[in-house]
Structure formats: structure tokens, C-alpha cells
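# Per-entry structural report
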Amino acid sequence: MAKEIKTIGVLTSGGDAPGMNAAIRAVVRKAIGNGVNVKGIKKGYQGLLNEEIVDMEARSVSDTIQRGGTILGTARCHEFRTEEGQAKGAEICHKHGIDGLVVIGGDGSYRGAQALSRHGINTIGIPGTIDLDIACTEYTIGFDTAVNTAMNAIDKVRDTSSSHERCSIIEVMGRNAGYIALWCGVANGAEDILLPEKYDYNEQEIINNIIRNRKKGKTHHIIVNAEGIGHSTSMARRIEAATGVETRATILGYMQRGGSPTCKDRFYASIMGAYAADILCQGKTNRVVGYQHGQFLDFDIEEALAMKKDLNNYQFDVSKVLSL
Ligand code: ADP
Ligand code: F6P
């Protein structure tokens, strides 16, 4: 029989993402609506181990849906990767009467949730990362805001790049995943898109492309480079030397993780937060919420972590043709 849930906790973990506040707000208000108490755990698993735990009321999340970042704070916590840290975390949950926990974060955070579930704390994960790199879901909280932020910034660089007839290398986030780079590359009409999953480090091909485009009369050359490839400044120097085209690098960096969430991020995060609160209140555990083919659904964490996600080859091929 499913255990009765009287109090749940909610935390955000790993890199922050715009829309996390909408998810927290939905967890708090849906659980309260279900007659369950809610506690907020600050600064991810580190805050759990430090017992930074506060009571949450419906009003605790007022005026937060439009705010970037996470009102609970977030952290990366090495201690929680250890068996002792996880046992201590579960003990602290028991001490505070927390029967279930919603964890908003990425794959790493799900592993922490899985560990707590092994220690008897019911857990539900919600995908929160700007990188879109969680296999069981087509949507992750923050991606939509991040790509719109990056796209608007790249438009601005493109203006000055055209005026000066320059080549611009613009580095976007994504250490292991190229989704932000691919989406912006297409949306900004980039001439080259360098993705960690695809790039073969053949710089000569980029150089040839720049020279070819100059001959065709293109006044700028935009290269969207993913953080996982990096080295944009030295790449710019080499490209300028080889092509004779003035080349500049712009690293967009953490601005992509901040800012007011888009409507999509507020809406999807709200539905996912409510969904997580509902299944947790029903006694489900060791699950993660996802979005696939127009439906919100949930998966076993183990299964979700075993799934693989690959960049779509067709989309990548199209991205190269559209900048001809
Ligand atoms: P994300 O959740 O965005 O993937 P991280 O990989 O940094 O980000 O993970 C966030 C936190 O989750 C880590 O700092 C750590 O506290 C916890 N975590 C990560 N991996 C594990 C693991 N294998 N077991 C337990 N906890 C983990
Ligand atoms: O949240 C995802 C992400 O922004 C990645 O794209 C990036 O590589 C990483 O986080 C950077 O994280 P940190 O805050 O540890 O520098």
C-alpha cells in the first residue's frame, strides 16, 4: 500500500534555469490544495545536509512566477554523492517529517533523488536545465528562455558584424549538449554551427566556407559555437589569419541562464510542478516527470537515466543547407 504523505519538500539542484520558480510555486500550491504541508529546502542537497529548511505557505511563492533564477537557491554538493551523505540526507528528511521530495534539476540531481528513494523518502524529479539534455523528455525547464535570450543577443552581434563585414564567433552554453547551439544556429541563420556531438575539429572547412561566402557576396559570417568546443577567442585569431577577414569572438556565458522566463517556460514548469505534487501526494516514488508527444507523463528514474538522446541528424543537415 502507498505510504500516506503528510509533508513534502521541494528543492532545486545543479545549474539554475528560468522557470524553476514557476515549478516551485506550482508544487507548493498544488500540494497545499491537496491538503499536504510543504517545506522548502534551500541550496539543493547541500542545504538539505545543512538543514536549511523552511515552511512554505501559498503566499511564500507570491510574485515569483516571472522571476529568473530560483528563490530556493541551488548548489552542487559533493558530499551527497557519497553513501554517508545520502543516508544523512534521508535522516534529516525523517527528522523534519518530510515523507516525499520534489527535486528540480538535471540527470545528476535525479541520481540524488534515486538515492533518497532507496533510503525510504518518496522522490519525484522535474527536468530543470537550459541544456535540454534529458533523454526522457522533449522539454526541460529553462531551455526556451535561454535560446530566446541567446537568439536576441546573436541578432545584435549580427548587426555589427554586417556593418563591419566581419566574421563573428558566438559561443553559447552547452558543455556536452549542442541543443542551444543548434536552435540558435538555425534561428539566427548562422553560416556555421559547431556542436559537441558533431564537430570534427576540421577548421579548414570553416575557413573555406568563409572564403566561399565572401565570393558569393555575403557581408558577414556568423559561427555559433557551443561551450563544449569552446576556445572561441583563439579560433577567431586563427580564422582571421587564414582568411584575412576580421574575426571577433563573443562569449554569451551566464546571461543565458538568467532572466524572466518565457510564457512557455512558465506554463510547462507550472504543469510539471503540479503534476509532480499530485503523483507524490498519491504515494508514487522514484519517478521523473517528462513531456513527450504533447503529453505530460512520468517514468521510473532508473529507466529515465538509461534512455539515450541524440541530436536529430535531419535537423543538423537542414541547418547546413539553410545558410547557403
Ligand atoms: P544536474 O542536476 O544539472 O545534472 P549535477 O550533475 O551537478 O547537475 O548534479 C547536481 C547535484 O546532484 C550534485 O551536485 C550532487 O549533489 C547530486 N548528484 C549528482 N550525481 C549524483 C550521484 N551519482 N549520486 C548522488 N547525488 C548526485
Ligand atoms: O545548466 C547547464 C549549464 O549551463 C551548462 O550549459 C554549462 O556547461 C554548465 O551549466 C555550467 O555550470 P556552472 O554553473 O557549474 O559553471
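Please read these numbers as outputs of a predicted model, since none were measured by experiment.

A few words now on the domain arrangement of the chain. According to the domain assignment, the chain contains domain 1 (7–142 + 261–306) and domain 2 (145–257). Relative to domain 2, the C-alpha centre of domain 1 lies at a distance of 35 Å. Surface buried jointly by domain 1 and domain 2 totals about 930 Å² across both partners, of which 57% is contributed by carbon and sulfur atoms. Interface area lost by domain 1 to domain 2 is led by Ile130, Asp131 and Leu132, which between them contribute 47%.

Another aspect to go through is the packing of helix H3 (residues 83–95) against helix H4 (residues 107–118). Remark: H3 packs on H4, axes separated minimally by 9 Å, with the N-to-C direction vectors making an angle of 65 degrees. Crossing handedness for the pair H3 and H4: right-handed. Between H3 and H4, the residues in contact are Gln86, Gly89 and Ala90 and Ala115, Leu116 and Arg118, respectively. A per-class count over the contact of H3 with H4 returns 3 nonpolar, 2 polar and 1 charged.

Counted according to the given criterion, the structure contains 8 aromatic pairs. Ring centres of Phe267 and Tyr268 lie 6.0 Å apart, and the angle between their planes is 70 degrees; on these two criteria the pair is classed as edge-to-face. Judged by its relative accessible area of 15%, Tyr268 is buried. A connected cluster of aromatic rings, assembled from ring pairs, spans Tyr139, Phe267, Tyr268, Tyr291 and Phe296. Over the ring of Tyr268 we find Lys264, and its NZ or CZ is 5.1 Å from the ring centre. Between Lys309 and the ring centre of Tyr179, over which it is positioned, the NZ or CZ distance is 5.2 Å.

As a matter of local geometry, ligand 2 sits amid Gly15, Arg76, Ile130, Asp131, Met173, Gly174, Arg175, Glu227, Tyr254 and Arg257. Within the backbone of Gly174, a nitrogen or oxygen atom sits 3.1 Å from an oxygen atom of ligand 2. Within the complex, the protein chains bury 82% of what would otherwise be the 400 Å² of accessible surface of ligand 2. The cavity that encloses ligand 2 is the largest pocket. Here the shell around ligand 2 gathers at least three residues from each of two domains, domain 1 (7–142 + 261–306) and domain 2 (145–257).

What follows concerns the site of ligand 1. Close to ligand 1 lie 14 residues; Arg76, Cys77, Gly106, Gly108 and Ser109 are nearest. In this structure, Asp107 approaches ligand 1 through a main-chain N or O atom, which is 3.4 Å from an oxygen atom. Surface burial for ligand 1 is 82%, taken as the share of its 550 Å² of free accessible area covered by protein chains. Of all the cavities here, the one that holds ligand 1 is the largest pocket. The greatest single-element share of the shell around ligand 1, amounting to 5 residues, is contributed by H4. Its residues assigned to classes, the shell around ligand 1 shows 3 nonpolar, 7 polar and 4 charged.

Let us now look at the layout of surface pockets. Approximately 1,200 Å³ is the volume found for the largest pocket. The wall of the largest pocket is formed by 40 residues, among which Arg76, Gly106, Asp107, Gly108 and Asp133 lie closest to the centre. Its residues placed into classes, the lining of the largest pocket shows 14 nonpolar, 13 polar and 13 charged. The residues that make up the lining of the largest pocket include at least three from each of domain 1 (7–142 + 261–306) and domain 2 (145–257). For the second largest pocket, the calculated volume is near 420 Å³. What lines the second largest pocket is a set of 20 residues, among which Asp192, Ile193, Glu205, Asn209 and Lys320 lie closest to the centre.

What counts and how
Residues numbered from 1 in each chain as written. Chains lettered and ligands numbered in written order. Predicted model: local features only at pLDDT ≥ 70, side-chain atom pairs only at ≥ 80, totals over all residues. Heavy atoms only, no water. Domains from an automatic or database assignment. Buried area = accessible area lost by both parts, 1.4 Å probe. Axes fitted to C-alpha atoms, helices over the stretch in contact; angles between N-to-C directions. Helix = DSSP H or I, 4+ residues; strand = E, 2+ residues; numbered from the N terminus. Left-handed = near helix turned anticlockwise from the far one by under 90°. Contact = heavy atoms within 4.5 Å. Nonpolar A, V, L, I, M, F, W, Y, C, P; charged D, E, K, R; others polar. Phe/Tyr/Trp six-rings, centres within 6.5 Å; stacked < 30°, edge-to-face > 60°. Buried < 20%, exposed > 50% of the residue type's maximum accessible area, 1.4 Å probe, protein only. Lys NZ or Arg CZ within 6 Å of the ring centre and 35° of its normal. Near = heavy atom within 4 Å. Polar contact = N/O pair within 3.5 Å; in protein donor to acceptor, adjacent residues only side chain to side chain. Areas by Shrake-Rupley, 256 points an atom, 1.4 Å probe, with all protein chains shown as cover. 1 Å grid on protein atoms, 1.4 Å probe; cavity = no way out; pocket = protein on both sides within 12 Å on 5 of 7 lines; lining within 4 Å. Sits in = over half its atoms within 2 Å of the grid points. Points joined across faces, edges and corners; volume = space filled by probe spheres on them.

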